[in-house]
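Okay, here's what each chain looks like letter by letter:
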Amino acid sequence: MIPMNAFTREPDPLVQAQLRAVERVIRSGQWILGKEVRDFEAEWSAWSGLGHTVGVANGTDALEIGMRALGICSGDEVITTPMTAFATALAILRTGATPVFADIDRDTAILDVASVRRCLSPRTKAVMMVHLYGQAGPVDPFLELCAERGVFFIEDCAQAHGARWRGKPVGSFGAFAGWSFYPTKNLGTPGDAGAVSTRCRHISEKARILRNYGQDMPCRHPVEGLNSRLDELHAAILRERLSFLPDWTNRRRRVARAYARGIRNAYVRVLPLPADPENHVHHLFVVTADRREALMDHLESRGIETLPHYPVPVHFQEPCRQLPRDPQGLPAAEKHAAECLSLPCHPFLTEDEVAAVIAAVNRFRG
Ligand SMILES: *Cc1c(COP(=O)(O)O)cnc(C)c1O
């Protein structure tokens, strides 16, 4: 089987470094909010080009905590895309605010600014862009719109570690960025972890309080927070894994280039690669096909694992069916959900496997 992910193929030096990191933490006796978390936060701030990082338990919490640090709450609306992980909308719901769904651009499957405009209301507090599949979204028109309307621009960076837009890292444009380090993400950990990063010290301090029961000093709780701390074990492991991220990103780019060059099939469309390779870190490599299920079956019978991201747009999920959306509907998101399919794209694919995927896709006959 050619797998969507292959954690067991990670290099032995990394496995050894992680085991040493785990031993270091266990022997330190400092297991919560210690040196490893502080060091990872500083290293992630430097790596991602953002001033302040607050480590949290997962990416969903990162988005919730960031929004709560901005004061987003019940009665507010946050405009976002229905073509994303459910977690994006869930984080908005958990703040008490209402997600409002705007449609996507057909080429990139990223939030469409014209549709976002149609979703604005006096209650709009923020627009949340998802840098989907590892592509840096076109932030400029969104920044313009948000400045014009006095609302926050927020970035869900869970899929886009290291992607750049006009030379600047994703996550550095909005009021804050939410990161996930779930195992399958470009930077992942064997477990759950996440982070909020921001240029603004004030927001980072609020996030720091919120992640730790809303406590600002021992035994003082000025706000109702969460328990959502990044723990020392995952921080220590993430520090080891971070040094591999540039190499992994380069490997993902090579796989994506090979697919984009090699896939030639009238029944399968490849999402266009950006002109600037820095824009994309290829968390997922996505194609579309009218007969997506047939393509999946065809590839599975040839030993290739695939997965649609995402087969059900978020506004079709039970908790979101009644939520507001673009008055013109969400046709592009619904069409993409019916046609999209992710091919294996990770740093541990061999050249033979990449060639086998290309050959199998090219043999598909509608
Ligand atoms: C993975 C993901 C999340 C949630 O991250 P968790 O760490 O699983 O909570 C949020 N948004 C997007 C776009 C994701 O891909």
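A brief report on the enclosed structure follows. As the structure is a prediction and not an experimental result, all values here were calculated from the model.

### Some details on helix α8 (residues 232-242)
Now for step 1: In terms of burial, α8 is largely enclosed, as eight of its eleven residues are buried.
Now for step 2: Within α8 the residues assigned to the buried category are E232, H234, A235, A236, I237, L238, R241 and L242.
Now for step 3: Next to the buried residues of α8 lie α1 (12-28), α2 (35-48) and α9 (245-262).
Now for step 4: Near the N-terminus of α8, the side chain that reaches the backbone nitrogen of L233, with its oxygen 3.1 Å away, is that of D231.

### Concerning helix α11 (residues 331-339)
Now for step 1: Taken as a whole, α11 has its buried residues at A332, A333, H336, A337 and E339.
Now for step 2: The elements touched by buried residues of α11 are β10 (269-270), β11 (285-288), α10 (292-301) and β12 (340-343).

### As for the sheet that holds β11
Strand pairing in a sheet is mediated by backbone hydrogen bonds. Such pairs are either parallel or antiparallel.
Now for step 1: Taken together, three strands build an open sheet; the order of strands is β10-β11-β12 and the sheet is antiparallel. Taken across any chain shown, the strands that pair with only one partner, and hence form the sheet edges, are β10 and β12.
Now for step 2: The sheet contact formed by β11 and β12 spans four bridges and is antiparallel. Bridge pairing in β12 places T288 opposite C340.
Now for step 3: Across the sheet, α10 is in contact with β11 and β12; its angle to β12 comes to roughly 20°.
Now for step 4: α11 contacts β10, β11 and β12 of the sheet and is inclined by roughly 50° relative to β12.

### Looking at the site of the ligand
Now for step 1: Taken together, 14 residues lie around the ligand, and G59, T60, D156, S180 and K185 are the ones closest in.
Now for step 2: A distance of 2.7 Å is found between an oxygen atom of the ligand and a side-chain nitrogen or oxygen belonging to S180.
Now for step 3: In the complex, 90% of the free accessible area of the ligand, which totals 380 Å², lies under the protein chains.
Now for step 4: For the shell around the ligand, the elements supplying multiple residues, two or more each, are α3 (59-69) and α4 (86-94).
Now for step 5: Looking at the shell around the ligand, its residues break down into five nonpolar, seven polar and two charged.

### Details of the pattern of salt bridges
Now for step 1: Going through the model one piece at a time under the given rule, you end up with 27 salt bridges.
Now for step 2: Between E240 and R24 there is a salt bridge, with the nearest N and O atoms lying 3.5 Å from each other. Taken together, the positions of E240 in helix α8 and R24 in helix α1 put the pair 216 residues apart, joining distant regions of the chain.
Now for step 3: Note on E240: relative accessible area 21%, which makes it partly exposed.
Now for step 4: Its relative accessible area of 34% is what places R24 among the partly exposed residues.
Now for step 5: Close ionic contact of E205 with R201 constitutes a salt bridge, the shortest N to O distance being 3.6 Å. Residue E205 and its partner R201 are located together in helix α7 (residues 201-211), separated by four residues, close to a single helical turn.
Now for step 6: E205 gets classed as partly exposed once you look at its relative accessible area, which sits at 37%.
Now for step 7: The class of R201 is exposed, set by a relative accessible area of 53%.
Now for step 8: Via salt bridges that share partners, R24, K35, E36, D39, E43, R239 and E240 belong to a single interconnected network.

Parameters and conventions
- Residues numbered from 1 in each chain as written.
- Predicted model: local features only at pLDDT ≥ 70, side-chain atom pairs only at ≥ 80, totals over all residues.
- Heavy atoms only, no water.
- Buried < 20%, exposed > 50% of the residue type's maximum accessible area, 1.4 Å probe, protein only.
- Helix = DSSP H or I, 4+ residues; strand = E, 2+ residues; numbered from the N terminus.
- Contact = heavy atoms within 4.5 Å.
- Polar contact = N/O pair within 3.5 Å; in protein donor to acceptor, adjacent residues only side chain to side chain.
- Pairing = 2+ DSSP bridges.
- Axes fitted to C-alpha atoms, helices over the stretch in contact; angles between N-to-C directions.
- Near = heavy atom within 4 Å.
- Areas by Shrake-Rupley, 256 points an atom, 1.4 Å probe, with all protein chains shown as cover.
- Nonpolar A, V, L, I, M, F, W, Y, C, P; charged D, E, K, R; others polar.
- Salt bridge = Lys/Arg side-chain N within 4 Å of Asp/Glu carboxyl O.

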